[in-house]
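Chain by chain, the residues:
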Amino acid sequence: MKIRLFAAFLALLLLCLSTGCGTPASQVQALYQQFMDGNLLAVDKDGEAKPLSAYFEWVWADREEYSYTYIDMTGDGVEELCIHQSPSMCFFTVKDGELYFWHGEYTLYTRLLNNGAFLWERHGGAPTHIRYEYKELDADAKVKHSVTFAWYDGATVEPEKTYPDTYLFDEQEVSKEEYEERTKTYLSIGSDNLIWTEHPVG
């Protein structure tokens with residue numbers, strides 16, 4: 001019995017260490033709010049503490065507001081702060097009561113999905129096409145899963161000529177049916193569950 005109780009206690013302790021439960025959710029939210037209000041710095045990847053404006057230096061000056069949302073990106077049950085000011089999207093996390101920069105996306109074409117993954121989507125011409133990249137990150141913001149896929153409109157390859165449409169999955173040509181089957185999960189995730197709030201700059 002004692003062995004089982006000790007094992008349960010040890011499992012709980014390990015869970016707490018891995019999920020950051022030493023920092024209550026209310027404290028995490030308070031730190032995020034202080035950061036957005038300009039009263040707290042976040043430590044970057046080089047160990048330097050910086051204000052929020054430093055993470056959006058090249059776009060911050062001409063904007064009056066930004067959007068933010070909360071989402072658990074690391075899978076530890078503690079929500080990260082995501083701040084979006086197009087084209088930049090930056091994520092911040094709390095560890096041991098300190099605020100850290102976790103990850104940044106810097107392109108107009110990337111969208112945050114409900115599950116914490118990213119979908120890059122770009123429409124182009126010559127010929128008309130749509131290219132996608134879906135990626136998921138691990139707790140250290142490293143890519144743990146990534147896949148690319150694309151559709152090319154055969155009717156726009158050359159004037160007065162029509163070619164079959166081309167479908168690529170991970171740069172390999174596939175049939176339309178296989179393309180639709182293999183991409184439907186990625187394209188159906190959506191971003192509708194994310195609640196974005198506007199916040200004034202400064």
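For the structure itself, look to the data block above.
Residues numbered from 1 in each chain as written. Predicted model: local features only at pLDDT ≥ 70, side-chain atom pairs only at ≥ 80, totals over all residues. Heavy atoms only, no water.

What is the right way to read unusual backbone geometry from this model?
When glycine is set aside, most residues are seen to have a negative phi, and most peptide bonds are trans. Look at the link from S86 to P87: it is a cis peptide, with omega at 5°. Its place among the elements puts P87 in the loop between β4 (80-85) and β5 (88-95). Despite not being glycine, D96 shows a phi value in the positive range, around 50°. Relative to the helices and strands, D96 is located in the loop between β5 and β6 (98-106). Note on D96: relative accessible area 69%, which makes it exposed. In the Ramachandran plot, A126 falls in the positive-phi region, its phi being about 55° despite a non-glycine side chain. With respect to the element layout, A126 can be found in the loop between β8 (118-124) and β9 (129-137). (Helix = DSSP H or I, 4+ residues; strand = E, 2+ residues; numbered from the N terminus. Buried < 20%, exposed > 50% of the residue type's maximum accessible area, 1.4 Å probe, protein only.)

Even after reading the chapter, I still don't get the packing of aromatic side chains, so can you show me in this structure?
Two descriptors summarise a pair of aromatic rings, namely the distance from one centre to the other and the angle between the planes of the rings. Under the definition given, this model contains 15 aromatic pairs. Seen from their ring centres, Y32 and Y70 are 5.8 Å apart, and the 20° between their planes marks the pair as stacked. Of this pair, Y32 sits in helix α2 (residues 25-36) while Y70 sits in strand β3 (residues 65-71), and the two are 38 residues apart along the sequence. A ring pair is formed by Y68 and Y70, whose centres lie 5.7 Å apart and whose planes are at 70°; its orientation type is edge-to-face. (Phe/Tyr/Trp six-rings, centres within 6.5 Å; stacked < 30°, edge-to-face > 60°.)

Where do I start with the pattern of salt bridges in this structure?
Pairs may arise between side chains of opposite charge once their charged atoms sit close together. In the structure shown here, the tally under the stated rule is seven salt bridges. With a closest N to O distance of 2.8 Å, E178 and R182 form a salt bridge. Residue E178 and its partner R182 are both found in helix α4 (residues 176-187); the two are separated by four residues, about one turn of the helix. Residue E178 is classed as partly exposed on the basis of its relative accessible area, which comes to 34%. When its relative accessible area of 38% is taken as the criterion, R182 is described as partly exposed. (Salt bridge = Lys/Arg side-chain N within 4 Å of Asp/Glu carboxyl O.)

Sorry if this is basic, but what is going on with the pairing of β4 here?
A regular strand places its side chains on the two faces of the sheet in alternate fashion. Extensive coverage of β4 is indicated by the burial of five of its six residues. As paired strands, β3 and β4 are joined by five bridges and run antiparallel to one another. Among the inter-strand pairings, T69 is bridged to a residue of β4, identified as C82. In terms of strand pairing, β4 meets β5 through five bridges, oriented antiparallel. Opposite L81, over in β5, you have F92 as the bridge partner. (Pairing = 2+ DSSP bridges.)

I would appreciate a short explanation of the sheet that holds β8 in the present structure.
As a general point, the strands of a sheet are linked pairwise by backbone hydrogen bonds and lie either parallel or antiparallel. Spatial strand order, β7-β8-β9-β10-β11-β12: six strands in an open sheet with antiparallel pairing. In the strand order of this sheet, the two ends are held by β7 (110-112) and β12 (172-174), each with one partner. Between one strand axis and the next, the sheet turns through 25° on average, direction left out of account. In this sheet, β9 lies alongside β8 in antiparallel orientation, the contact comprising seven bridges. Paired with G124 across the strands is H129, a residue of β9. Its contacts with the sheet place α4 against β8, β9, β10 (143-152), β11 (166-169) and β12, and it is angled at close to 135° to β10. (Axes fitted to C-alpha atoms, helices over the stretch in contact; angles between N-to-C directions. Contact = heavy atoms within 4.5 Å.)

Teacher, can you tell me more about the nonpolar core here?
The tendency in soluble globular proteins is for nonpolar side chains to be buried side by side. Within the largest apolar cluster, 19 residues are counted, with the highest numbers of intra-cluster contacts made by F35, L52, Y55, L81, I83, F92 and L99. When residues of this core are traced back to their parent elements, those giving at least two are α2, β3, β4, β5 and β6. The residues contacting F35, other than those within four sequence positions of it, are L40, L41, A42, K50, P51, L52, Y55, L81, I83, F92 and L99. (Core = buried A, V, L, I, M, F, W, Y, C linked by side-chain atoms within 4.5 Å.)

What should I look at first to understand the side chain of D76 in this one?
By secondary structure assignment, the location of D76 is in the loop between β3 and β4. As a buried residue without a salt bridge, D76 has its nearest oppositely charged side chain in K95, at a separation of 9.6 Å. Reaching out from D76, the side chain makes a polar contact with the side chain of T74 at a distance of 3.0 Å. A polar contact of 2.9 Å, which involves the side chain of D76, links it to the backbone nitrogen of V78. (Lys, Arg positive; Asp, Glu negative; His and termini not counted. Polar contact = N/O pair within 3.5 Å; in protein donor to acceptor, adjacent residues only side chain to side chain.)

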